[in-house]
Amino acid sequence: MDSPIPLRQVPQTNIFRKGDVFVLFGELFGRGYANGLVNEARKAGMKIVGITVGRRDENNALRPLTAEELAEAEANLGGHIINLPLMAGFDLDAPPGEPTPTELLGKLTLKTWTEDKLDWAHIEKCREVGVKRFKDTVAEVMKQLDAMIPDGRSAFFAHTMAGGIPKAKVFLAIANRIYKGRGDRFMSSQVLLDSDLGKLILMNFDEVSANTFGHLIEASAAIRARLEASGGEVRYSAYGYHGTEILIEDRYQWQTYTNYTQGYAKMRLERIAEAAWAEGVKATVYNCPEIRTNSSDIFVGVELPLISLLHALRKENGGAWAESQWKACDDLLQDGVSIESIVAKIDGFHTSEVMTSYRNFAAWPMPNSEALAEIMIGASDEIVGLHKDRKALITDHLSSLVLEATGPLMFHESSAPAGPVLWLNHDVIAKQLNAMHA
């Protein structure tokens, strides 16, 4: 892909109605993008069906939810959950009696991990076990789901699976240095990617964040054929990240958080959507803006572009409500600190020589650098320190606004999607928000 393909106008189409079925392919946890899409499905009167990733017992064996866990998860979703464990990835899978990849990683040490080698023939056997487990369970899920969707109805499959970091103690220490370290604590992301540990992590990211979308599209082919033959429509969406256009010097320009290690898997996700689209399947990956979520907090600085959303709210015909968002952010800061001063810091951050050098779409995801870590982590730490309460941040407030906007944008665009990969940049996010609060 040579350049981002932006969604510029707020979509208005809606093909979904009461009695149609919304399928959340991924479990709903805490704050995150999926909540906005579920809310839109609920507004449309759709029946909501979810799945679970399951839980691990004391021996790391995968199990379904208990009755109590299932009741809590269904209450959180507001719908029915098919209680078959669909944990993605292969980090805890292995042929019977053999070690899992996570167990192999347990032998790595902070002194030797860059040179430590993994048994790739064994890793591949583990991957095959994990993929078979996942695909077999997806097939069982589809059998149950098939009985829940009558002929002639439409279905919306929302893929939300992401992640795949193995639970290895050595990686937690490494990640803290790559994503949070500067000065003496800085570590190059490229060193990780060049190691066997990094190569394994990238493989697992592919299986969790990307290949599961392909498995979903393939496994639901019979349901899709039946519904389309009887007058219904079927759509698929997935959440991507591949940088975001924000207002820099009063012009929407693409920029990105670096180093976004999962970026390779997100590009694979895009290719899966493109391949499905070529076969006539309406599957779209929506590349969404940087926000703070439970899973993004390891990436210090990922939240900084969010602050520029305040510019976009004003630019896109924002009135009193847009001004109220500036005021809401101002109220979160310490006395004597203004939101205007914070926005000015971010403007300087994005126009700096260091950050400008990372606005290279073709080279994404670029490795980090000491200069980048210094400016990005430094800016993040400084801005957090200017708040009244470190647990009530400007970027939390702005993240909730992005979530509010992406739900309706994805839901309505998926009715008549323009293509397999679309960017939801700050312009269309602001347009959607201003329209919702006019």
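Whatever comes next refers back to the structure up there.
Below is a short write-up of the structure. Note that the coordinates shown come from a computational prediction; the quantities given were computed from them, not determined experimentally.

Here's the deal with the overall build of the protein chain
Then, in step 1: A tally of regular secondary structure across the protein chain gives 16 helices and 11 strands.
Then, in step 2: Taken over the C-alpha trace, the protein chain has a radius of gyration of 22 Å; the compact-globule value for 438 residues is 22 Å, and the two agree within 12%.
Then, in step 3: Here the C-alpha coordinates of the protein chain stretch approximately 60 × 55 × 45 Å along the principal axes.
Then, in step 4: The proportion of buried residues among the 438 residues of the protein chain is 55%.
Then, in step 5: Within the protein chain, counting contacts between residues at least 6 apart in sequence, those at least 24 apart form 81% of the total.
Then, in step 6: Total accessible area on the protein chain stands at roughly 18000 Å², and carbon and sulfur atoms take up 52% of it.
Then, in step 7: Across the protein chain, 45 positive and 57 negative side-chain charges occur, with their mean positions spaced 2 Å apart.

Considerations on the side chain of E413
Then, in step 1: Considering the arrangement of structural elements, one finds E413 in helix α15 (residues 394-413).
Then, in step 2: This buried residue, E413, is left without a salt bridge; R235 holds the nearest opposite charge, at 9.3 Å.
Then, in step 3: A distance of 2.8 Å separates a polar atom in the side chain of E413 from the backbone nitrogen of A418.
Then, in step 4: With sequence-adjacent residues up to four places away left out, E413 is seen in contact with L7, P11, Y286, A418 and L422.

A look at the layout of surface pockets
Then, in step 1: Roughly 230 Å³ of internal volume is contained in the second largest pocket.
Then, in step 2: If one sorts the elements of the lining of the second largest pocket by residue count, helix α14 (residues 370-385) sits on top with four residues.
Then, in step 3: Broken down by class, the residue content of the lining of the second largest pocket amounts to eight nonpolar, four polar and five charged.

Regarding helix α4 (residues 120-146)
Then, in step 1: If you check α4, its first and last C-alpha atoms are 38 Å apart, about what 27 residues at 1.5 Å a residue would give, namely 39 Å.
Then, in step 2: Along α4, the residues classified as buried are H122, I123, C126, G130, V131, R133, F134, T137, V138, V141, M142 and L145.
Then, in step 3: Measuring from the side-chain oxygen of the N-cap residue of α4 to the backbone nitrogen of A121 gives 3.2 Å; that N-cap residue is D119.

Focus: the pattern of salt bridges
Then, in step 1: In total, this model carries 22 salt bridges according to the counting rule given.
Then, in step 2: Between E124 and R127 there is a salt bridge whose closest N-O contact spans 2.8 Å. Taken as a pair, E124 and R127 lie in helix α4 at a separation of three residues, close to a single helical turn.
Then, in step 3: A salt bridge links D250 to K315; the shortest N-O distance between them is 3.5 Å. Taken together, the residues D250 in the loop between β8 (244-248) and β9 (251-255) and K315 in helix α10 (residues 309-315) connect sequence positions 65 residues apart.
Then, in step 4: Classification of K315 as partly exposed rests on a relative accessible area of 36%.

The rules behind these values
- What you see as residue numbers is a count from 1 along each chain, following the sequence as written.
- Thresholds applied to this predicted model are a pLDDT of at least 70 for local features of residues and 80 or more for the giving and counting of side-chain atom pairs; totals over whole chains, interfaces and linings are not thresholded and use all residues.
- Excluding hydrogens and water, the side-chain figures rest on all heavy atoms present in the structure.
- A run of H or I in DSSP counts as a helix once it spans at least four residues, and a run of E counts as a strand once it spans at least two, with each numbered from the N terminus.
- Radius of gyration: over C-alpha atoms. The globule rule applied is 2.2 Å multiplied by the number of residues raised to the 0.38 power.
- Under the scheme applied here, a residue whose accessible area is under 20% of the maximum for its type counts as buried, over 50% as exposed, and between as partly exposed, the area being computed with a 1.4 Å probe on protein chains only.
- Every residue pair with non-hydrogen atoms within 4.5 Å of one another is taken to be in contact.
- Throughout, the Shrake-Rupley method with a 1.4 Å probe supplies accessible areas, and for residues the shown protein chains are the sole cover considered.
- As used throughout, the charge tally considers Lys and Arg to be positive and Asp and Glu to be negative, leaving His and the chain termini uncounted.
- Charge placement uses NZ in Lys and CZ in Arg. For Asp and Glu, CG and CD serve respectively.
- Any Lys or Arg side-chain nitrogen located within 4 Å of an Asp or Glu carboxyl oxygen qualifies as a salt bridge.
- Any pair of nitrogen or oxygen atoms within 3.5 Å is treated as a polar contact; in protein, a donor-acceptor pairing is required on top of that, and neighbouring residues in sequence qualify only through side-chain atoms on both sides.
- Using a 1 Å grid laid over the protein atoms alone, points where a 1.4 Å probe fits but cannot get out form a cavity; open sets with protein on both sides within 12 Å along at least 5 of 7 lines form a pocket; any residue with an atom within 4 Å of a point counts as lining.
- Grid points are joined across faces, edges and corners, and a volume is the space filled by probe spheres set on the points.
- Classification used: nonpolar for Ala, Val, Leu, Ile, Met, Phe, Trp, Tyr, Cys and Pro, charged for Asp, Glu, Lys and Arg, polar for all others including Gly.
- Take the residue count of a helix, subtract one, and multiply by 1.5 Å to get its expected span.

Function-wise, these values are silent; they only describe arrangement.
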